[in-house]
Amino acid sequence: MLNLWKWGNLLLAFLVELVALGIFAWWGWDTGGTTLARWLLAIGLPVVTAVVWGLFAAPTATRGTPAVRWIVKVLVFGLAGAALWSLGHPLLAVVFVVVVAANLLIIQTQKLQP
């Protein structure tokens, strides 16, 4: 049962990371004024986020300290929530941030690292 709890929470962590990338793409598309700007933002924001995440916040990240890891996570998920809010979906933004916070708290307090 503990294994199911661990892997379920780690799967949820991965899914909210993907959702954050999707939110950034959606926000970029919605924010861009021209078609070129839309494409650049919709592709560029998730790519930059994924690179920063991979370098500093991923479980296999080799750069940064634990403090930097947490700062990157809070920034990415907080900005994704803010982007969702600015897209006109405040309830979804709050639900997203609450789910992320609960998931991170469970992973941290129960030491469920992969």
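Now for a look at the structure at hand. (Residues numbered from 1 in each chain as written. Predicted model: local features only at pLDDT ≥ 70, side-chain atom pairs only at ≥ 80, totals over all residues. Heavy atoms only, no water.)

Let us now look at the packing of aromatic side chains. In this structure the tally under the stated criterion is three aromatic pairs. For the ring pair Trp53 and Phe77, a centre distance of 5.4 Å and an interplane angle of 70° mean the geometry is edge-to-face. One end of the pair, Trp53, is in helix α2 (residues 35-56); the other, Phe77, is in helix α3 (residues 66-86), with 24 residues separating them in the sequence. Residue class for Trp53 comes out buried when judged on its relative accessible area of 10%. Residue classification places Phe77 among the buried residues on the basis of a relative accessible area of 6%. Aromatic rings pair up to connect Trp53, Phe77 and Phe96 into one cluster. Residue placement shows Lys73 over the ring face of Trp70; its charged tip is 5.3 Å from the ring centre. (Phe/Tyr/Trp six-rings, centres within 6.5 Å; stacked < 30°, edge-to-face > 60°. Helix = DSSP H or I, 4+ residues; strand = E, 2+ residues; numbered from the N terminus. Buried < 20%, exposed > 50% of the residue type's maximum accessible area, 1.4 Å probe, protein only. Lys NZ or Arg CZ within 6 Å of the ring centre and 35° of its normal.)

On to a nonpolar patch on the surface. On the surface, Trp29, Trp39, Ile43, Val47, Val51 and Leu55 cluster together into a nonpolar patch covering about 560 Å² of accessible area. Examining the composition of the nonpolar patch, we find that five residues originate from one element, α2, more than from any other. Position of Ile43 among the secondary structure elements: in helix α2. (Patch = residues over 30% accessible without salt bridge, like charges linked within 9 Å, V, L, I, M, F, W, Y side chains within 5 Å. Areas by Shrake-Rupley, 256 points an atom, 1.4 Å probe, with all protein chains shown as cover. Salt bridge = Lys/Arg side-chain N within 4 Å of Asp/Glu carboxyl O.)

Along the polypeptide, Asn9 turns up in helix α1 (residues 2-31). On the accessibility criterion, Asn9 (8% relative accessible area) is buried. Asn9 has contacts with Asn103, Ile106, Ile107 and Leu112, leaving out every residue within four places of it along the chain. (Contact = heavy atoms within 4.5 Å.)

This paragraph deals with the packing of α2 against α3. The relative placement of two packed helices comes down to the angle between their axes together with the axis-to-axis distance. For the pair α2 and α3, the least separation of the axes is 9 Å and the interaxial angle reads 155°. Taken as axis vectors, α2 and α3 run roughly antiparallel relative to one another. As α2 packs across α3, the resulting crossing turns out to be left-handed. Seen from α2, the contacting residues are Thr49, Val52, Trp53 and Phe56; seen from α3, they are Val68, Arg69, Val72, Lys73, Val76 and Phe77. Classifying every residue of the contact of α2 with α3 gives seven nonpolar, one polar and two charged. (Axes fitted to C-alpha atoms, helices over the stretch in contact; angles between N-to-C directions. Parallel < 35°, antiparallel > 145°, perpendicular 65-115°, else oblique. Left-handed = near helix turned anticlockwise from the far one by under 90°. Nonpolar A, V, L, I, M, F, W, Y, C, P; charged D, E, K, R; others polar.)

The geometry of α3 relative to helix α4 (residues 90-109) is characterised by a closest axis approach of 7 Å and an angle of 160° between their N-to-C directions. Relative to α4, the element α3 lies roughly antiparallel. Crossing angle aside, the handedness with which α3 passes α4 is right-handed. Between α3 and α4, the residues in contact are Trp70, Lys73, Phe77, Ala80, Gly81, Leu84 and Trp85 and Pro90, Leu92, Ala93, Val94, Phe96, Val97, Val100, Leu104 and Gln108, respectively. Residue classes in the contact of α3 with α4 are distributed as 13 nonpolar, two polar and one charged.

Its location among the elements puts Gly32 in the loop between α1 and α2. What makes Gly32 buried here is its relative accessible area of 7%. Taking the C-alpha atoms as reference points, Gly32 and Gly81, separated by 49 residues in sequence, lie 19 Å from one another. Look past the residues within four positions of Gly32 in its chain and what remains in contact with it is Ala37, Arg38 and Leu41.

Keep in mind that these numbers describe shape and distance, not what the molecule does.
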